[in-house]
Amino acid sequence: MKKISLKAAVVLLSGAFLCNSCIGSFSLFNKYAKWQCNMTSNKFVNGIVGLILQPIVGGVCLMADAIVLNTIEFWSGENPIAANQTQTVKGQDGRYYAVKTLKNGYEVKAPSGEVTLFIHDQETDSWSMQQDGITKEIIRFNADGTIQATLQTGEKLTVTNDEAGLNQVREAVYNDNFFAQR
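Every value quoted in this text rests on a predicted model; they were computed, and no experiment measured them.

Peer 1: Would you take a moment to explain the side chain of glutamine 36 for this structure?
Peer 2: Locating glutamine 36 in the fold gives a position in helix H2 (residues 27–37). The contact partners of glutamine 36, leaving out residues within four places of it in the chain, are Asn46, Gly50 and Gln54.

Peer 1: Help me out: how do you make sense of the layout of surface pockets in this one?
Peer 2: Regions of empty space are outlined by a rolling probe, equal in size to a water molecule, passed over the atoms. Counted as a void, the largest pocket has a volume near 690 Å³. As for the largest pocket, its lining consists of 23 residues, of which Ile138, Thr150, Leu151, Gln152 and Val173 are closest to the centre. Elements with a minimum of two residues in the lining of the largest pocket: strand E5 (126–131), strand E6 (134–141), strand E7 (147–150) and helix H4 (163–181). If one sorts the elements of the lining of the largest pocket by residue count, H4 sits on top with 5 residues. Grouping the amino acids of the lining of the largest pocket by side-chain chemistry returns 12 nonpolar, 7 polar and 4 charged.

Peer 1: Just to check I follow, could you spell out a nonpolar patch on the surface for this structure?
Peer 2: Judged by side-chain polarity, Met63, Ile67, Val68 and Ile72 come together as a nonpolar surface patch covering roughly 330 Å² of accessible area. Positionally, methionine 63 belongs in helix H3 (residues 43–76).

Peer 1: What is the right way to look at the pairing of strand E3 (residues 105–109) in this model?
Peer 2: As a general feature of sheets, a regular strand has side chains that alternate between the two faces. Both strand E2 (residues 96–102) and E3 contribute to a ladder of 5 bridges, which runs antiparallel. From the neighbouring strand, valine 99 faces E3, where its bridge partner is valine 108. For E3 and strand E4 (residues 115–121), the ladder comprises 5 bridges, and the chain directions are antiparallel. From the neighbouring strand, lysine 109 faces E4, where its bridge partner is valine 115. Here E3 hands over to E4 after 5 residues, with glycine 113 in that stretch at a positive phi of 100°.

Peer 1: Teacher, can you tell me more about the environment of leucine 53 here?
Peer 2: Relative to the assigned elements, leucine 53 resides in helix H3. Here the alpha-carbon distance between leucine 53 and glutamine 36, two residues 17 residues apart in the chain, equals 8.8 Å. Every residue in contact with leucine 53, bar those within four places of it in the chain, is listed here: Tyr32, Trp35 and Gly58.

Peer 1: Hey, could you run me through the side chain of glutamate 137 in this one?
Peer 2: Relative to the helices and strands, glutamate 137 resides in strand E6. At a separation of 2.5 Å, a polar atom in the side chain of glutamate 137 contacts the side chain of arginine 140. Excluding its chain neighbours within four sequence positions, the residues that come into contact with glutamate 137 are Ser126, Trp127, Ser128, Thr150 and Lys156.

Cut-offs and rules
Residues numbered from 1 in each chain as written. Predicted model: local features only at pLDDT ≥ 70, side-chain atom pairs only at ≥ 80, totals over all residues. Heavy atoms only, no water. Helix = DSSP H or I, 4+ residues; strand = E, 2+ residues; numbered from the N terminus. Contact = heavy atoms within 4.5 Å. 1 Å grid on protein atoms, 1.4 Å probe; cavity = no way out; pocket = protein on both sides within 12 Å on 5 of 7 lines; lining within 4 Å. Points joined across faces, edges and corners; volume = space filled by probe spheres on them. Nonpolar A, V, L, I, M, F, W, Y, C, P; charged D, E, K, R; others polar. Patch = residues over 30% accessible without salt bridge, like charges linked within 9 Å, V, L, I, M, F, W, Y side chains within 5 Å. Areas by Shrake-Rupley, 256 points an atom, 1.4 Å probe, with all protein chains shown as cover. Salt bridge = Lys/Arg side-chain N within 4 Å of Asp/Glu carboxyl O. Pairing = 2+ DSSP bridges. Polar contact = N/O pair within 3.5 Å; in protein donor to acceptor, adjacent residues only side chain to side chain.

Shown next, in the form of structure tokens:
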């Protein structure tokens with residue numbers, strides 16, 4: 001049996017720190033794969049071009065994700081690729097909204113052009129809604145595991161972080177809307 005040299009031990013140890021058993025989201029590789037599948041309207045052309053690009057571009061994206069981006073995501077808790085990503089989402093009203101991922105929340109742009117921000121405050125562990133320059137706290141996660149929900153009337157309701165708590169908030173919201181309509 002050969003002795004393991006110091007250089008081999010250093011390489012193995014640094015590899016253990018880089019590949020810190022974090023699977024990660026592989027955002028860069030997934031963006032590349034989505035682009036490759038949708039680059040043209042012809043799936044056969046996409047497949048042929050994919051065969052050419054995959055070994056080079058796919059390998060670079062996968063390696064960058066595995067070594068750099070997923071490590072950053074693991075240690076910081078934030079995905080460096082996910083920020084400033086925009087998706088189109090169909091709302092309950094049947095209209096499409098542009099949802100942009102921000103570093104600390106989301107920006108939702110309505111079809112009418114109205115912009116609403118949903119901001120997470122890490123210090124207070126709360127989510128707020130900002131619209132037309134007015135900021136209103138929506139929910140706050142308490143240290144004891146409960147959630148403090150702020151209703152449209154301004155009343156604060158503290159509930160458990162489970163289905164029963166969700167039902168309490170729904171009931172309070174529906175009762176407020178019912179009485180407001182009368």
